Amino acid sequence: LASGKKASYYLDCKHVTLDPAGSRLVAEGILDLLAQDRMPQAVGGMAIGADPITAAVVTMSAVRGTPIRGFMIRKESKGHGTNQFVEGPVRPGDEVAVVEDVVTTGGSSLTAIERAEGYGLKVTRVIGIVDRMEGGAETFSRRGYPFAALFTIADFGLTPPA
């Protein structure tokens, strides 16, 4: 896993987020979660896992008539041009939600948050597709970021390691 942990199962959300029906359902679910509070101006996260999620949410937000912009966080800066980690039509001061496919410890999202905030974005929450229930939610809570997921591993009949 990205966290360095070993797991007895692997969740590949790209099989869902890169499927037309799956992408639509993920986007609708995330938009429904976002609508429970003040809508952010943009959504995005760490490339490449968050990229199809971001694209789906941006597209479905336009279909719903509640447009939200998207952004991407590079794992490494380009080394040329603006040399930024953040790409997309966002500006410092924008309120944003960080999206993630699978949340384990929250490390990838924390890196995305650090880079987004370094750019000047205001991260208001984190949303995942699946929470592996291995500490990510607690990490976000301790740092003051509300977290929600469409599913937990318990929804699939799995349990976190003891």
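Residues numbered from 1 in each chain as written. Predicted model: local features only at pLDDT ≥ 70, side-chain atom pairs only at ≥ 80, totals over all residues. Heavy atoms only, no water.

In this section: the packing of aromatic side chains. The final tally for this structure, using the stated rule, is two aromatic pairs. Measuring from centroid to centroid gives 5.2 Å for Phe 140 and Phe 147, while their planes differ by 45 degrees, and the two rings are tilted. For the pair Phe 140 and Phe 147, one class covers both residues: buried. A cation over a ring is seen here: Arg 115 above Phe 85, with NZ or CZ 4.1 Å from the ring centre. (Phe/Tyr/Trp six-rings, centres within 6.5 Å; stacked < 30°, edge-to-face > 60°. Buried < 20%, exposed > 50% of the residue type's maximum accessible area, 1.4 Å probe, protein only. Lys NZ or Arg CZ within 6 Å of the ring centre and 35° of its normal.)

Attention shifts here to the environment of Val 123. Counting through the fold element by element, Val 123 comes out in strand 5 (residues 122-131). Classification of Val 123 by relative accessible area gives buried; the value is 7%. Excluding residues within four positions of it along the chain, Val 123 makes contact with Val 96, Val 98, Ile 113, Ala 116, Glu 117 and Tyr 145. (Helix = DSSP H or I, 4+ residues; strand = E, 2+ residues; numbered from the N terminus. Contact = heavy atoms within 4.5 Å.)

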